[in-house]
Amino acid sequence: MLITTDVTKAVKAIASGHLCAIPTETVYGLGADATNPNAISRVFVAKGRPTDHPLIVHVANVTAAYEWVSELPEWATVLTHAVWPGPLTIVAKRTALATDQITGGQETVAVRVPKHPLTLDLLNQLNVLGIIGLVAPSANTFGHVSPTNANHVEHDLGEYLSAHEDLILDGGQCAVGLESTIVLATGDQPIILRPGSLTASGIEEITGVKVITNNNESPRVSGSLASHYAPNAKVIIVDEAELANLEVIKNAGLIALAAIPTLRYTYRIGSPRTSVEFARELYSTLRNADDLDLKVVYVVPPPGSGLAQAILDRINRAAN
Ligand code: TXA
Ligand code: MG
């Protein structure tokens, strides 16, 4: 059995050099001992991920993060203490522990403390064994929609995982549903490399420092590739006013806030009531669209700043 809720088994799998997918508050990750080059190689193979795309190291707490990070500006220390465990990844100067295999040869490393009781238990038990970090990219096929439950992971990666050795730690549905906010922490100001549920204004409130949001599309952030997070169905972004004039297509779905009425001739596959629900359900709804063999999914993005902007970022990439 690949899927388990038993943390002890997960500890053994990782400590034996096997892979274990882990639940987090954002999305599921495919975990491997960050000091085991063979295990890390398997992560790249399972995902079909180019080897120069760097990985996030997941750690149990701020202290373990400093094993991987050599230098942190004051504002970033404040931020990590305030947000971790939580949906924040910092990219900072690396220590020698963060090998080229992890960082894609860059002098920076990405680190985060995820907020999920099973995974924090796993990370703490691994710490005791001297394993102080797990690399964990989102546990989906490269370019596909990120997984927000254990079945999504099995669907994408099951054939690359060994039923006898590897595991998927089942922690239920992810609470946030979008990947963590990635913040570059090498300078005087935070730079958001990937938007997420921790917003620029949230970071400014915590740190008192102005955030730079215009990421120059760093190619090292795979999530910043123009096309990413994509289902098989074609995703088309529309606004509420356009809905009435849409071309009638067979096998079309619609995702929109519950307050927006359903179109004739579309399957209403998503009716979240709020942006928070929108984020939480977006990826599983896009996966449902593929299960239903829909050809097109119309999406009406939720209005607003903050989380709504992170949702729009993902929908834009899914639509490319
Ligand atoms: O919420 C998340 O962050 C999830 C969960 C599993 O923690 N993880 C995740 O990992 O989204 P992944 O590998 O799918 O995306 C990590 C992103 C990639 O876009 C990668 O390029 C970027 O982090 N990244 C990693 N190291 C970096 C670095 N040194 N500089 C810039 N970007 C980096
Ligand atoms: Mg990913």
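These numbers were taken from a predicted model, which means no experiment stands behind them. Within each chain, residues carry numbers counting from 1 in the order of the written sequence. Chains carry letters and ligands carry numbers; both start at the beginning, A for chains and 1 for ligands, and go up in the order they are written. Predicted model: local features are reported for residues with pLDDT of at least 70 only, side-chain atom pairs are reported and counted for 80 or more only, and whole-chain, interface and lining totals are derived from all residues. With hydrogens and water stripped out, all remaining heavy atoms of the structure feed into the side-chain values.

Some points on unusual backbone geometry
The linkage connecting W84 with the following residue, P85, adopts the cis geometry, with an omega of -5°. Looking at the element boundaries, P85 is found in the loop between helix 4 (74-83) and strand 6 (88-94). With a phi close to 60°, N251 is a non-glycine residue in the positive phi region. For the purposes of this entry, the term helix denotes a DSSP run of H or I that reaches at least four residues, the term strand denotes a run of E that reaches at least two, and both are numbered from the N terminus. The residue N251 is located in the loop between strand 12 (234-237) and strand 13 (252-255) in this model. Looking at N251, the relative accessible area reads 30%, which means it is partly exposed. Accessible area is worked out with a 1.4 Å probe on protein chains only. A residue is then buried under 20% of its type maximum, exposed over 50%, and partly exposed in between.

A look at the nonpolar core
Counting 50 residues, the largest nonpolar core has L30, W68 and I102 as the members making the most contacts within it. Elements that contribute at least two residues to this core include exactly strand 3 (29-33), helix 2 (37-47), helix 3 (62-65), helix 4, strand 6, strand 7 (108-112) and helix 7 (150-157). Per-element accounting of this core gives the leading share, five residues, to helix 2. Once you skip the residues sitting within four places of it in the chain, L30 turns out to touch L19, C20, A21, V43, A46, V135, A136, P137, S138, A139, L157 and L161. In these notes, a set of buried Ala, Val, Leu, Ile, Met, Phe, Trp, Tyr and Cys residues joined through side-chain atoms within 4.5 Å is what counts as a nonpolar core. One finds Y229, A233, V235 and L257 within the second-largest nonpolar core, a separate group that totals 23 residues. Between two residues, a contact is recorded if the distance between any of their heavy atoms is within 4.5 Å.

Notes on the domain arrangement of the protein chain
Here the protein chain is partitioned into domain 1 (3-207) and domain 2 (234-319). In this complex, domain 1 contributes 23 residues to the contact, which on the side of domain 2 involves 14 residues. What counts as buried area is the accessible surface, traced by a 1.4 Å probe, that two parts surrender upon association, with contributions from both included. The largest share of the area that domain 1 buries against domain 2 comes from V145, L178 and P195, three residues that together contribute 39% of it. We define a salt bridge as a contact between a side-chain nitrogen of Lys or Arg and a carboxyl oxygen of Asp or Glu at a distance within 4 Å. At the boundary of domain 1 with domain 2, the tally comes to two salt bridges. Counted as a polar contact is a pair of N or O atoms within 3.5 Å, where, for protein atoms, one must be capable of donating a hydrogen and the other of accepting one, and residues adjacent in sequence contribute only when both atoms are in side chains. One can count seven residue pairs in polar contact (both at pLDDT 80 or more) joining domain 1 with domain 2. A per-element tally of the side of domain 1 that touches domain 2 places helix 7 first, with three residues. Polar here means any residue outside two lists: the nonpolar Ala, Val, Leu, Ile, Met, Phe, Trp, Tyr, Cys and Pro, and the charged Asp, Glu, Lys and Arg; Gly therefore counts as polar. In the side of domain 1 that touches domain 2, the residues fall into eight nonpolar, 12 polar and three charged. An automatic or database domain assignment provides the domain bounds reported here.

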